[in-house]
Structures are given as C-alpha cells and as structure tokens.
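What follows is each chain in one-letter form.
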Amino acid sequence: MSLIYTIDILGTFAFAISGALVASDKKFDLFGVLIIAFVTAVGGGMLRDILINAHPINWIGDLNYLWTIFFAVFLTFLFKSKIAYLSKTLFLFDTIGISVFTLLGLQKGLSFNLHPIIAIIMGMISAVFGGVLRDVLTNKVPLIFEKEIYASACLAGGITYLIIKELPISDNLNFIISASVIITIRLIAVKFNLELPKVKDDIFGK
Amino acid sequence: MSLIYTIDILGTFAFAISGALVASDKKFDLFGVLIIAFVTAVGGGMLRDILINAHPINWIGDLNYLWTIFFAVFLTFLFKSKIAYLSKTLFLFDTIGISVFTLLGLQKGLSFNLHPIIAIIMGMISAVFGGVLRDVLTNKVPLIFEKEIYASACLAGGITYLIIKELPISDNLNFIISASVIITIRLIAVKFNLELPKVKDDIFGK
Amino acid sequence: MSLIYTIDILGTFAFAISGALVASDKKFDLFGVLIIAFVTAVGGGMLRDILINAHPINWIGDLNYLWTIFFAVFLTFLFKSKIAYLSKTLFLFDTIGISVFTLLGLQKGLSFNLHPIIAIIMGMISAVFGGVLRDVLTNKVPLIFEKEIYASACLAGGITYLIIKELPISDNLNFIISASVIITIRLIAVKFNLELPKVKDDIFGK
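Residues numbered from 1 in each chain as written. Chains lettered and ligands numbered in written order. Predicted model: local features only at pLDDT ≥ 70, side-chain atom pairs only at ≥ 80, totals over all residues. Heavy atoms only, no water.

Looking up chain A in an unreviewed UniProt entry gives the name UPF0126 domain containing protein, with the organism given as Polaribacter dokdonensis DSW-5. UniProt annotates chain A under Subcellular location (unreviewed entry) with the comment "Cell membrane". According to the UniProt record, the Sequence similarities (unreviewed entry) comment for chain A reads "Belongs to the UPF0126 family." (UniProt positions renumbered as here; feature names shortened; annotations may be inferred.)

Novice: Report on the side chain of C:Asp49, specifying residues and quantitative values.
Specialist: Here C:Asp49 shows up in helix α2 (residues 30-51). Not counting residues within four places of it along the chain, the set of residues in contact with C:Asp49 comprises C:Ala54, C:Ile57, C:Asn58 and C:Lys108. (Helix = DSSP H or I, 4+ residues; strand = E, 2+ residues; numbered from the N terminus. Contact = heavy atoms within 4.5 Å.)

Novice: Describe in detail empty space enclosed by the protein, supporting the description with residues and values.
Specialist: Applying the stated rule across the entire model yields two cavities of 30 Å³ or more. Here the second largest cavity is characterised by a volume of approximately 50 Å³. Lining of the second largest cavity is provided by A:Ile50, A:Asn53, A:His55, B:Ile50, B:Asn53, B:His55, C:Ile50, C:Asn53 and C:His55. Partitioned by chemical class, the residues of the lining of the second largest cavity number three nonpolar, six polar and no charged. (1 Å grid on protein atoms, 1.4 Å probe; cavity = no way out; pocket = protein on both sides within 12 Å on 5 of 7 lines; lining within 4 Å. Points joined across faces, edges and corners; volume = space filled by probe spheres on them. Nonpolar A, V, L, I, M, F, W, Y, C, P; charged D, E, K, R; others polar.)

Novice: Give me the confidence of the model for chain A: which residues, what numbers.
Specialist: Residues and elements named next belong to chain A. This prediction gives chain A a mean pLDDT of 85; 87% of its residues lie at or above 70. Mean pLDDT across the elements of chain A bottoms out in helix α1 (residues 2-25) (85) and peaks in helix α3 (residues 58-61) (93). Low pLDDT (under 50) marks residues 200-206, which in the prediction has 12 contacts with non-local residues, meaning those over four places away or in another chain. (pLDDT = per-residue confidence, 0-100.)

Novice: Any chance you could break down the side chain of B:Arg48 for me, citing the residues and the numbers?
Specialist: All names here are of chain B. Looking at the element boundaries, Arg 48 is found in helix α2 (residues 30-51). Judged by relative accessible area, Arg 48 falls into the buried class, the value being 9%. Within the local environment of Arg 48, its side chain forms a polar contact with the side chain of Ser 126, the two groups lying 3.2 Å apart. (Buried < 20%, exposed > 50% of the residue type's maximum accessible area, 1.4 Å probe, protein only. Polar contact = N/O pair within 3.5 Å; in protein donor to acceptor, adjacent residues only side chain to side chain.)

Novice: Please give an account of unusual backbone geometry that cites residues and values.
Specialist: Residue and element names in this part refer to chain B. The peptide bond linking His 55 to Pro 56 adopts the cis configuration, its omega dihedral lying at -5°. Within the secondary structure layout, Pro 56 lies in the loop between α2 and α3 (58-61). Within the chain, Asn 113 stands out as a residue other than glycine whose phi angle is a positive 60°. Within the secondary structure, Asn 113 sits in the loop between α5 (87-111) and α6 (116-137).

Novice: Provide a residue-level description of the packing of α6(B) against helix α7 (residues 150-165) of chain B, including the pertinent values.
Specialist: The description of two helices packed together rests on the angle between their axes and the distance between the axes. Residues and elements named next belong to chain B. Between α6 and α7, the least distance of the axes is 9 Å, while the angle of their chain directions is 140°. The orientation of α6 relative to α7 falls into the category oblique. Where α6 crosses over α7, the handedness of that crossing is right-handed. In contact with Pro 116, Ile 120, Met 124, Ala 127 and Val 128 of α6, α7 contributes Tyr 150, Ala 151, Cys 154, Leu 155, Gly 158, Ile 159 and Leu 162. Residues of the contact of α6 with α7, tallied by class, amount to 11 nonpolar, one polar and no charged. (Axes fitted to C-alpha atoms, helices over the stretch in contact; angles between N-to-C directions. Parallel < 35°, antiparallel > 145°, perpendicular 65-115°, else oblique. Left-handed = near helix turned anticlockwise from the far one by under 90°.)

Novice: Describe helix α5 (residues 87-111) of chain C, naming the residues involved and giving the relevant values.
Specialist: Between its first and last C-alpha atoms α5(C) spans 35 Å; for 25 residues at 1.5 Å apiece the expected length is 36 Å, and the two agree. Where α5(C) ends, the next residue or the one after it, C:Asn113, has phi of about 60°, a positive value. (Expected span 1.5 Å × (residues − 1).)

Novice: Before we move on, could you go through the pattern of salt bridges and cite the residues and values that matter?
Specialist: All names here are of chain A. By the definition in use, this model includes nine salt bridges over all chains. Taking the shortest distance from any N to any O, the salt bridge between Arg 134 and Asp 135 comes out at 3.1 Å. One exposure class covers both Arg 134 and Asp 135, and it is buried. Here the salt bridges do not stand alone but share partners, grouping Arg 48, Asp 49 and Lys 108 into one network. (Salt bridge = Lys/Arg side-chain N within 4 Å of Asp/Glu carboxyl O.)

Here it is as structure tokens:
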C-alpha cells in the first residue's frame, strides 16, 4: 500500500506539472498557474469524493497533495525550459498516475458499496476529470473529448481489476496487473496514434 | 408514479440524444459523446442532489439512468442520420422531459423541507443545468443564457404546482396540470420565437 | 457580527451587480442575467460549503442572499446606464466584499476544524470562485488567472488573520485589521497596475 501511495503522489506531481505547463503557456500569473496545477492534480478525486459523499474529500483530508502541488509549481517556475526536456519522464509519470488514480478511485467506490459499474465510473472520473477541468478553465475544448483513447484505457483496466478480483489472486498483484493494462493500452495508443471511431453523417448537413 | 417514472426515463433519453448529437457534431470520439450525453441527461439532477445533500445522488442511486444513456448513445451511433428526421419527436420528448424534471426536482426540494422558492430553484436546476453543462463542456456560451424562455416556462410551472398544492386537488392531477403549463409555454415560445427582454444601454459605450 | 453580516450582504450585492453587468453586456436575457448574477454572488461560498460538507449551503440556509441578488438584478435592469456612473462605488463594495468573503470563509473553515492552510484556501475560494464561475459561464478565460493580484491580497489577509489570532487581540478587531490588509493591497495593486510574475520561456518554442 505504501508503494501505491508513493505512486499516487508521483501521479499527482505529474498532473500538477502538466497543469502548470498549460497555464504558464497561457501567460497566467503565479496564482493562476497554482490554481490550474491544483485542479488538474486533485480535480478528479475531488469530484469523485463529492459525488459519493466521501468527506473529508481528498486534498482536505491529506495535506500531502497540497505540498506536492506547491512543489511542482515551484519547480515549474524555476526550471520551465528544462522541464521541456523531461517530457518523456513526465509522460511516464502521467501515465502511471492515470492508472493508479483509476484503480484507487475504483477501490474507493467499491469500499462505499457502489455497484461495480458505478465504481468503474468513479475510477475513470478520478483519472480524467482533472484534465477536463484544466481545459475548461483555460477555455479549451477538453482534450479527452477529441483525442486519445485515454478513457478507454482506464475502462479496460477497471474491468480487468473487477474480473481478477473474483479470482484467487492477491489484491496487490491485481492492482499491478490492472495498472499494467492501463499503462500498456495508453502507451500503444499514443505510439500508434489510435483513436476511437467518430459519429459520421453530420445531421446539420455540413 | 409509474407513469411519471416512465416519462422521467423518456426525458433522460431525449436529453441524452440531444447531448450525443451536439457532441458528435463537434467530432468528439465515442467517449466524448458518452460523457456529453451523460452530463446533459443527468447533470441537472446531479447538481440538485449535491446542493441539497441528497445521497446517493440520482444516477448513483438508480442505474436505469445509465442504461438509458448508453442506449441513447448506441442509437445515435447507429442511426445518426435517421435521428435527424425524428427531430420533432425528440423535441417533444425533450419538452416533456423538462416539465417532468422541473416538477420532480421541485417535489424533491419540498420533501427536504426547503423553502418553496428554493424548491422551485431546485426544479429549474434539475431541468436546465444539464444543458448548461453540455454547452460549457463543448465550449459554447450556454444556450439558455441567450435564447428561449425555457427557464421561464419551468418557473411558471413550478409556481402553478405550488399554488394548486394548496387546493383540494390530488397531487397526480396537479403534476399533470403543472407539466402542461410548462409544455404549453415552451411550445408557444418556440413557435412564436418569443424572447425575454434584454438589458439595454451597454455601459461600455458600444 | 451584525456589522459583518451587513457587509457580507453589501458584498453579495456588489458581486451580483458585477455579474449582472457582464451578463447584460453579453446580451443575455433576463434569466441569463439572473443566473450569472447569482453564481457570481454566491458561487464562492457555495463551492466552499460543498467542499467542507457544510449543509445547508450558504444560499439555501439564508434566503437574504437570494433577495439581495434579485434586488441587484432588478436595479441593473432599471438603471443600467446610471450604474455605470457608480463604478467607483461598486468597486469599493466589491473590494470590501472580497475582504469579508475571505475572512468569513476562513473562519468557517476553522470552525470545521480544518488545517489553517486549508481554511485559508476556503477563504480564498469564497472570495474568488464566484468570479471564476461568471467568466467560465460567459465563455471567457477567468480574469483571475491573468490579471490583478486579487488572490494574493486574500492570501495576505488570511495569513494576517491567522497570525493576529494567536495574539491577545479581540476577534472583531482582528477581522477589521485583516480586512484592511486585503482592501489596501487590492486598491494599491489596481492603482499601480501591479501584476504577479509570469513563467518565462514558453516550452513550445513560440
């Protein structure tokens, strides 16, 4: 569990950096960058906790999220041009973070006795809503609606977790296998630029 | 009550189709379409339940909303061009849905012992917030702020319901009368292209 | 406390006017203006109360907020062109409102036994989130992310309040001193057009 907590914090760190980079690219001031980094990093878990009435919500109940975000923004301010060279490392953190966020959210949903499909949705909300908030607040159409099979990877990992949970396999091992499913799908999707199908035949006649 | 529940589900279906059409018109992928359909259909009731602390919130407490949304998105993917021909049917569902959402939200507010004016606001939030979310997430100025006397119809229906409630008339009959008020006003408003007054005299001198 | 409550209502009034002016400038109809005025005025306290699970939330528990907002929108409709001449008065109300919202939010956070830094964040959310919502709903990049050291003033005032709280000084006096810090910083920042530093070196090579 300690390993998972560490990865949770690393994922939070990667999400915060991603938010800080987008915000500073938009010429936001220090507070704007901090807010965007914050909502990107904890927005998903925050919405999940509000929806399932889990108080205190994530960042109120554990200050380590806040310190991690402050640290990430601090680093972004000091080393912005350097961080660009670390984009692959960050992408890896980000991908690992997404997998952990998905499974932690799913586990939390199950521990609240939610229906498995609702628990999977809670996992997906935990993983992707921070990025949606980041995009809405910076006035862009959320990336997730247009590209990458980001959410599909989380869905596949969540389903994997629920299936393996019925087998005589330890929860830790299940966590690692399911996280690997998410990470693998995402890496493959990005590498080969895979996309989900779109709806054809625009009804407005364009 | 069973009739009202059926109409609630039909309204959810119409809202989900409306969200799915907007999202697919924006070239969102399958997940994007699903998310927009989802928030359009249950966003209003979700916000209402969070505001009045009614847990489990709507779609967590009743999975039928989810199945309805999945089915609506599935149909949109299969028959998008056909659905365009059904726009009048959908508009009717949508209008009936709005009226039912308003009154169910109002009733829920009253059952939580809220002040009648707060209960009316809860009804209106139930009816219109899904559309607001749809528009914010697809990066448009919410339609409701600019057109149609959508919200006024809900308000009029809500007030009607509260007045009749004081009379010796059964709750079911009251529901039908008040829903008819909302439906009638909306149909008339759309037919004659009625609008609410706007504030004149732009202070910025344009 | 009665004085603080009066200022709270005056601040709500100023925020509502500010929302109503932005919305009417955007040609929203009466309902649109009402909604924007509403979220601008109570959005911050509403989010705070949802986050810390303080039910009934602000405007549900005290109808005076609603009446104040209705009155502000009513005045905006009647006297829009005149209100432009009052911009300095409104700016003063707004600034006083921000200071009171910050400190009331902070006090509420402390009364819920939150960590001081979380309580300060609650104060800042109370003060600034209404404006963020206003901007998101009118499809603009939130002002706070780009200009003014608005949030920094709230932060400084919050820290002042927490420090003085440890001293043998009455809470009312502390409130006045800390509010003055916020008001002074904001007035100076606006007068001299101060800004927070921005992140340099766009990583995308522009």
